[in-house]
Each structure stands twice: as C-alpha cells, then as structure tokens.
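Coordinate analysis (summary)
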Amino acid sequence: MQINKLHQLTIHEAHELLKQRKVSSVELTESALKRIAQTEKKVHACVTITEDIALKEAKEADNRIASGNIAPLTGIPTLIKDVICTKGLRTTCGSKMLENFIPPYDAKVIEKLKAQKAVIIGKTNMDEFAMGSSTEHSAFFPTYNPWDLSRVPGGSSGGSAVAVATDEAICALGSDTGGSIRQPAGFCNVVGLKPTYGRVSRFGLVAFASSLDQIGPLTKDVTDCALVMNAIAGYDPRDSTSVPYPTPDYTEQLIPELKGLRIGVPKEYFVEGMQNEVRTALELAIGKLGELGAEIDWEASLPYTKYALAAYYILAPSEASANLARYDGVKYGFREQNANNVIETTEKTRQFGFGSEVKRRIMLGTYALSAGYYEAYYLKAQKVRTLIKQEFDQAFKKYDALVTPTSPTVAFKLGEKLEDPMQMYLSDVCTLPINIAGVPAISIPTGFADNLPIGMQIIGKPFNEQALLRIAFAYEQATDWHKRKPPL
Ligand code: GLN
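So, about the side chain of Thr 223. Mapped onto the elements, Thr 223 comes out in helix 7 (residues 222-232). Setting aside residues up to four positions removed in sequence, Thr 223 forms contacts with His 12, Leu 254 and Phe 473.

This is the structure:
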C-alpha cells in the first residue's frame, strides 16, 4: 500500500498492516489528516479537526502496538458525530446553543474507543440536535454529498457518512433516532447500522428523543461495521435503558452464504412516489439474496407501517421538547447577554440559540403534551407504537430478517426540501418505523441511479445484529457496490 493512499484502507486492512508493523498509526493518521485537508473544502463534513491531539494519540497507539498489545481499533483514525460527548473537546450538536460547549466527560462509546486506543481525529457536522435528514439544519454550514456536490448527504449524521465515503476517516460514529445513520449511509454509499435499542450505551449522547436514540457505526464495509460494534456494544449501568445481555462477537457469523435464512419483503415499504431505479435496484438485490441461499417471501406485509411517520412526529418532538428544556441559558451553552431579567434571558437565549427546525419540534412536542391534547396525541401515538412493535414481533416469528429500501429516492438537491418540512420528513418513511419498534437495521450499498448511491435496509430481530451482519456480508461478498468511490 502506498503511503499516500493509507486513508483508503478499511479497519481490518489497516489492522493487519499495523499488526505486521508495516505501517504506523502516525502514518495512518497523517494520511487521513492530509485527505481531510484536500476534501474538506468541497464537502464540509467536519466541525472540528483535532490534528495535534490526534497525532499524540496515534503515537500512544504505536507505543501500545510496539508492546504487543493491539486491539482491532488500535491506531485507527476515527471521526465522531458532534452529538457524542468528548471530554475536553468541543461538542456542538450542530447548534449555536452549544457552539462553545466543552464536555467534562466522555460518552461511554468514547471511553470504549479510547480503551482500544482508536485515534479520534475530529467531530462531524450534523443537523442541529440531530433533527433533520439533510445536514442542512446545521447551525454552521451544510455538508455536501461527494457523489454530486449539488446534493445533500442525508442526515442527520451527514458529516460522518461523507467522511467515511471520502476516506477522511477509516470509520465514524453516528446516531440514529429515525434514520440518521442509515439514510445518510444510503445516500453516500457506506455501511451504517442502527443497533437494537439498549444495545449501545447512550451515556454521553446528547439526548434528542431518548426512547428512540441509538449510537452506531458508519463504515466502508460490513466487516468493519462488526468490528466497531464489538468495540461499542454492551451493558452500561449509567444508561438505565441499556440491556444487560452478553455481547457476542459480531464477526462470528460473517459467512458468504444465506442457507436456512427466511427473508420477508414487506410491500408497505415500496411506497408511492418511490423512485423507479430504487425499486429496480432493490428487486435485483433481493434476487441476489435468494441466489445466496435465502428463502424470500415477496408478499410480507406490515400494515401498520403507514402510521409510523405520524406517530414518530408526535413521539420524537414530545421527547425533544422535554429534553431541550435544559438549554435555558443558565446551566451551560449559549446565553444571550442582552436581557433584563432571568425570564427574558431564557427567552432570548432560546430565541437566538435554536434554529428554526429545532423550534418547530419544540412547539410540536409542547403542543402534543399539553393538557387536553395529551390523550389525543401523545397517548395515542404510544398506542400506535405498541401496535407497530407487535407487528414486527409477529413478522419475526416468520422471518429472520426483512429487507426494504433505505430511502424511497436517491440523495436530493440542496435546498429542495428545506422549505417543506413534510417532504423532508417523508425521506425517513422507511427508516423510522425501525426506531419506533426498537429493532436493529443496517443500510448497505446496493446500486446506483445516475451515479448516485442506493441503499438497502435489512431489519432484524432485537439483539440479533449478527443475522443482519451475516446477510449484509454475504451480499457484499457477491457484489462490489461498496468499493465504488465518489469522484472527488
Ligand atoms: N430525520 C429524522 C428527524 O428529523 C430522524 C433524525 C435522526 O434519526 N436523528 O427526526
């Protein structure tokens, strides 16, 4: 491997070279930083780049490797979505409210990465407080899709997806409340996994909608995805919704065939308004899963899917309105100085500190939770949530996994949906039912329409990410979509 191409490696490739002492973590890190210097001008994936700290961490990783103690992520240049707390390192959530916020502690996932001596090289751009599907709602700047710079990368983890697609980092972490890992992964041609709710600790993840949020990997291939899961999954007593199940080795079931697996294709996910090329790509991909040995049922059905979007846009804003009450200009973050008393301080802090999408969510949520409306909206949405969850439970009695498109279309143009929140929300129609049910799902590269990537979503049983990874791996071995790189 040429030294100036090291950033193109996957985790498992880089790991082999590190282990054999053919490259050093400092070389890998320098290569990633150089790549960032080349591409950032075009894509704007990062909010913060930590060159000096990164090189110091890389040296420490090299020392650890020299002592014979190498873990799968040791020395690997990694980027982190800016909604995950990093001790001593600015964590903005893409918001003016937290523009200068320096967390006093690391999120659990960061502790876990650091325990392996992964090298954190910076923080990635996102929609403000993870509310959005295009990364245009960042308070700082939009991120651009490397496949076509006039298009969005998806969101809200757009920065992380773009960073992995452009080789700015070898892997990245994102968060997913209604699709924010999978949808940008699909738009950018990378692998993105939303784990089962409770599988990865949310300790130190800045809360958007606490009953839906999960942290997960964005990677260049499925093996890397399993390796990052091995690093970040597991019980954490500091997250009360973390589940004390043993953590498997996620690489264990990566085998190139699918015999004995039953896969359902729920027709409700092939929605009206879906782009034809997306449908065709999915049909071909599902055919491939059949060739690999899976038994396909093209007639699966999850009829409650049609209520998921409406329920999500009651539940998520309700939780957000409660979670975002903490930004009052008193405890931390931005404070508007030009105010006469404490009430005015809070009002103006929130007026100037939050962007319009965040305000929209707070208003929606506050309304849905207010006296007299609570039962009509919030309680009803909770009941719909239970029905959707039960429907998935039923489906998983018949199938080991369900396969759908990740999004109904390829990446859309910047500005195209900005003035029409409903259109923006619809781009998550295939991903958000998964968060409502709390089940895991992965998006993997599955084709192109006019040189724009298409993603396939594979949905699995709770706490059985291994089955998803197996299906994704077998498909990846049989295709080479994931190897295509954007023309930057
Ligand atoms: N786009 C969805 C929303 O705006 C999902 C966001 C996410 O998963 N964080 O709420």
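After that view of the structure, there is still more to cover.
Lining the immediate environment of the ligand, one finds 15 residues, of which Gly 178, Ser 180, Tyr 312, Arg 361 and Asp 428 sit closest. At 2.7 Å from an oxygen atom of the ligand is found a main-chain nitrogen or oxygen belonging to Thr 177. At 2.6 Å, a side-chain N or O of Ser 180 approaches an oxygen atom of the ligand. When the ligand is considered free in solution it has 290 Å² of accessible area, and contact with the protein chains removes 100% of it. Split into classes, the residues belonging to the shell around the ligand amount to five nonpolar, seven polar and three charged.

The next subject is the confidence of the model for the chain. Predicted confidence across the chain gives a mean pLDDT of 97, with 99% of residues reaching 70 or more. Between the elements of the chain, mean pLDDT differs from a low of 92, seen in helix 13 (residues 421-426), to a high of 99, seen in strand 5 (residues 191-194).

We now examine the sheet that holds strand 8 (residues 295-297). An order of 1-3-2-4-6-5-10-11-9-7-8 is seen for the eleven strands of this open sheet, with the pairing classed as mixed. Both outer strands of the open sheet, strand 1 (46-49) and strand 8, are each paired with one neighbouring strand and no more. With direction set aside, neighbouring strand axes in the sheet form an average angle of 30°. Of the pairings in the sheet, the one linking strand 5 to strand 10 (residues 441-449) comprises three bridges and is antiparallel in character. Paired with Lys 194 across the strands is Ala 441, a residue of strand 10. The strands that helix 3 (residues 51-66) touches are strand 1 and strand 3 (119-124); relative to strand 3, the one it contacts most, it runs at about 150°.

Turning next to the environment of Glu 272. Note on placement: Glu 272 falls in the loop between strand 7 (262-264) and helix 8 (276-291). We classify Glu 272 as exposed; its relative accessible area is 83%. Considering only alpha carbons, one finds Glu 272 and Pro 408, 136 residues apart in sequence, at a separation of 8.7 Å.

Taking 1.5 Å per residue as the helical rise, helix 10 (residues 342-353) with its twelve residues ought to reach 16 Å, and the 16 Å between its terminal C-alpha atoms agrees with that figure. Listing the buried residues of helix 10 in full gives Glu 344, Thr 345, Thr 349 and Gly 353. Buried residues of helix 10, viewed axially, fall in a sector of 135°; they line one side. The opening residue of helix 10 is Asn 341, an N-cap whose side-chain oxygen sits 3.2 Å from the backbone nitrogen of Ile 343.

Among the six residues in strand 4 (residues 171-176), six count as buried, and that is most of the element. The two faces of strand 4 match: Cys 171, Leu 173 and Ser 175 on one face and Ala 172, Gly 174 and Asp 176 on the other face are all buried. As judged from the three bridges shared by strand 2 (residues 77-81) and strand 4, these two strands associate in the parallel manner. Bridged to Thr 78 within strand 4 is Cys 171. One ladder, built from five bridges, connects strand 4 with strand 6 (residues 214-219); its direction is antiparallel. Residue pairing in the sheet places Leu 173 in a bridge with Pro 217 of strand 6.

Let us now look at unusual backbone geometry. Gly 155 connects to Ser 156 through a cis peptide bond whose omega is 10°. Considering the arrangement of structural elements, one finds Ser 156 in the loop between strand 3 and helix 5 (158-165). Here the phi dihedral of Asp 167 falls at roughly 65°; this positive angle occurs in a residue that is not glycine. Here the phi dihedral of Asn 451 falls at roughly 65°; this positive angle occurs in a residue that is not glycine. Among the structural elements, Asn 451 can be located in the loop between strand 10 and strand 11 (452-460). On the accessibility criterion, Asn 451 (54% relative accessible area) is exposed.

Rules used in this analysis
Residues numbered from 1 in each chain as written. Predicted model: local features only at pLDDT ≥ 70, side-chain atom pairs only at ≥ 80, totals over all residues. Heavy atoms only, no water. Helix = DSSP H or I, 4+ residues; strand = E, 2+ residues; numbered from the N terminus. Contact = heavy atoms within 4.5 Å. Near = heavy atom within 4 Å. Polar contact = N/O pair within 3.5 Å; in protein donor to acceptor, adjacent residues only side chain to side chain. Areas by Shrake-Rupley, 256 points an atom, 1.4 Å probe, with all protein chains shown as cover. Nonpolar A, V, L, I, M, F, W, Y, C, P; charged D, E, K, R; others polar. pLDDT = per-residue confidence, 0-100. Pairing = 2+ DSSP bridges. Axes fitted to C-alpha atoms, helices over the stretch in contact; angles between N-to-C directions. Buried < 20%, exposed > 50% of the residue type's maximum accessible area, 1.4 Å probe, protein only. Expected span 1.5 Å × (residues − 1). Arc of directions from axis to C-beta.

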